[in-house]
Amino acid sequence: MTITDAPAPAAVPAHAASAAPAAPAGAFAAAERLDRLLGDPWSPENPYGFAAGVARDAVEEYPHEAEARLRAEDFHLCHLPGALGGTFRSFEDTQLLVRVAARRDVNVMPATMFSISAVMTVLAAGTETQHEVVAGWLREGRTIAFGFSEEQAGSDVLANSCALTPEGLLNGTKWLVGRGSSADAAVIVARTAQRGAGAFTAVLLGPEELSAHQVTRHAPQRTTGMRGIDFADLEFDGLPVPPQAVVGDIGSGLAGALRAQQIVRLMSTAGCLATADTALRTALRFAEEHRTGGERVADTPYGARELALAAAELIAADLAVLTAARQVHVAPGAFGLASAVVKHTAVRLTASCVSRSHALIGARAVLRDGPGAALDKAVRDNAMVAVIDTSVLGNLRALAMHLPAYAPAFPDDPAATAEPDGPAGERLRAVFALGEADRLPPLDPAALDLGVRPKDDVLLGFAAYAGAIRRELSGRGEDRAAELVAGVRSALAAVVHDTAAAQRDRARSAKVSPETLDLAGRFCLLHTAATAALTWWHHRDGDGLYGAAPGDTSWLVAVLALLTTLADGRDPRTAPYGDVAPAGRLATGLDAARRLFTALPVRLSDRSTKSDTSTKSDSPMKSDTSDENEEADER
């Protein structure tokens, strides 16, 4: 049974079903239906709600009931292509499915989807027979771990020492393997030569190999976030590996794994967005209901500004993720840059969003009951998502390698840049046709590439269209938006040219200076700003985004003001409040309308206000809203 055609089973608690809206239809129906089946997350009795997630976190309990419920809806197959028996349609759809599930408890991701790294590695580099094998295991409900990192090597994967001998014996230890102590199978990337990127080979180990006496599954290590999920070391001591277990060619393991990680980085951002959605929604409802000095926290200057900044951070991350989820279909060969950008941007912006939301509730943030508990869990879980599939340092290094090649796209005279046409223009239009599944070609993991060519359509598209966007905005009287777009274009030009110059200067190279890494981090923010501008451009005469009117620029100005302030190295609180304020109003409207915090109109099963559902005095989500003497936290 698939999510898209599943009726609500009898197993759904009556309290959850009774609060559900009418059955969804049309666009995004799969995500809406899944959210409806999981019920109102604010209900203290809902086993798939916020309170249940907080309770499991307190005792580090695995989400067995949530896992079973999601597997009954084939949620674990939402990243497996239909040709292999999965329910996958596009990564845009899968992102939404994961977000509506993980916003309740991000632990449902490792409980059901930690096989994605292994599966994508096999789909990107393995044989058709191996494709069928891993797909069969997934359909049976088995978990396939991915062993890549090693403790002593850190972010330097070329220093990994776990090795496969010429005789086919596997020796060494893989560190913090997700579901390492409980997985049924595994893909392991092992050394098969002395040096270089071609010194590693991926092998596919089945249940028989993992149960051999030459394999030791160490006890799970305790983590600050995603508590209850096992992250365990896998140790191999002369494990025989059959020749048919080699994924792709000998020496192709690192390339295959890194290509697959482009998709994994994209999908992990669903967890970032899910935690940020929960954090901002909780903070919004608290600020709307709680009063300080007789005034709602949401109406105080401090509260209004913090909510607006958190909303702008989430909107910016959402735009980066939605477009990247479409880019991987439209131009997989050029996805390397977008994958690195979206991971860095989503991690940074959502981490700030959840921390800002957590701080907004003041002293209640330290209590293990009430809204502080859910927000504390969101902060810790978000931090885990940030590191489980990539290294921040490694990601920035990879980004810095890309940037010099884009210097010619940003000439000193912006008018010298030609607008894309033909295939490039069509690809760009497909990327920004948000929600239109029929515009996306089928996923082709084998087409993912690790080089710097071909180039990113979004960056080239912004370089070409920036002038036209600015003129269109000015013609509509949106002078502030036009000014910000021009500033983004100038800043991007400076970053790519500075990176090119730094890489030519040994004194500024990455080996002796962090400059190129800093430039890469700044570039990520500006790339996301360019994405926002192109999103407005392609939707300027269509339906409004984030609940705004068609052509409205309020969300665009908020996002560009935030991102350019950050790119300048300044505290986002120094951004003009008038620029960012609309983001807070839009987020408040989306919550009142029971919509996911995304550009796409995804309806949720939440009741309108928290006070409608948190009626038990011992509920982890209940808070006292009557203290009119407590002052707002001005930290």
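Throughout what follows, the structure given in this document is the object of discussion. (Residues numbered from 1 in each chain as written. Predicted model: local features only at pLDDT ≥ 70, side-chain atom pairs only at ≥ 80, totals over all residues. Heavy atoms only, no water.)

1. Brief notes about the pairing of strand E3 (residues 169-178)
Logical step 1: Both strand E2 (residues 163-164) and E3 contribute to a ladder of two bridges, which runs antiparallel. Paired with Ala163 across the strands is Asn171, a residue of E3.
Logical step 2: Between E2 and E3, which pair antiparallel in sequence order, lie four residues; one of them, Gly168, sits at a positive phi of approximately 85°.
Logical step 3: Bridge count between E3 and strand E7 (residues 231-240): eight bridges; the pairing is antiparallel. Note on E7: the bridge partner recorded for Leu170 is Leu239. (Pairing = 2+ DSSP bridges. Helix = DSSP H or I, 4+ residues; strand = E, 2+ residues; numbered from the N terminus.)

2. As for the pairing of E7
Logical step 1: Among the ten residues of E7, seven are classified as buried, and the element is accordingly described as predominantly covered.
Logical step 2: Sheet topology places strand E6 (residues 215-217) next to E7; three bridges connect them, and they run antiparallel. What sits directly across from Thr216, in E7, is Glu235. (Buried < 20%, exposed > 50% of the residue type's maximum accessible area, 1.4 Å probe, protein only.)

3. What about helix H14 (residues 392-402)?
Logical step 1: For H14, every residue scored as buried is listed here: Asn395, Leu396, Leu399, Ala400 and His402. An end-on view of H14 places all buried positions within 150° of arc, on one side of the element.
Logical step 2: Of the surrounding secondary structure, the elements contacted by the buried residues of H14 are helix H10 (253-289), helix H12 (335-360), helix H17 (479-504) and helix H18 (515-539).
Logical step 3: Residue Ser391 occupies the N-cap position of H14, its side-chain oxygen lying 3.3 Å from the main-chain nitrogen of Leu393. (Arc of directions from axis to C-beta. Contact = heavy atoms within 4.5 Å. Polar contact = N/O pair within 3.5 Å; in protein donor to acceptor, adjacent residues only side chain to side chain.)

4. Structural notes on the packing of aromatic side chains
Logical step 1: As enumerated under the stated definition, the model contains six aromatic pairs in all.
Logical step 2: Here the aromatic rings of Tyr546 and Trp555 are separated by 5.9 Å at their centres, their planes lie at 55°, and the arrangement is tilted. Of the two residues examined, Tyr546 and Trp555, each falls in the buried class. (Phe/Tyr/Trp six-rings, centres within 6.5 Å; stacked < 30°, edge-to-face > 60°.)

5. What to know about unusual backbone geometry
Logical step 1: In this structure, Leu176 is a non-glycine residue whose phi angle is positive, near 50°.
Logical step 2: Turning to its location among the elements, Leu176 is positioned in strand E3.
Logical step 3: Although it is not a glycine, Met226 sits at a positive phi angle of roughly 50°.
Logical step 4: Position of Met226 among the secondary structure elements: in the loop between E6 and E7.

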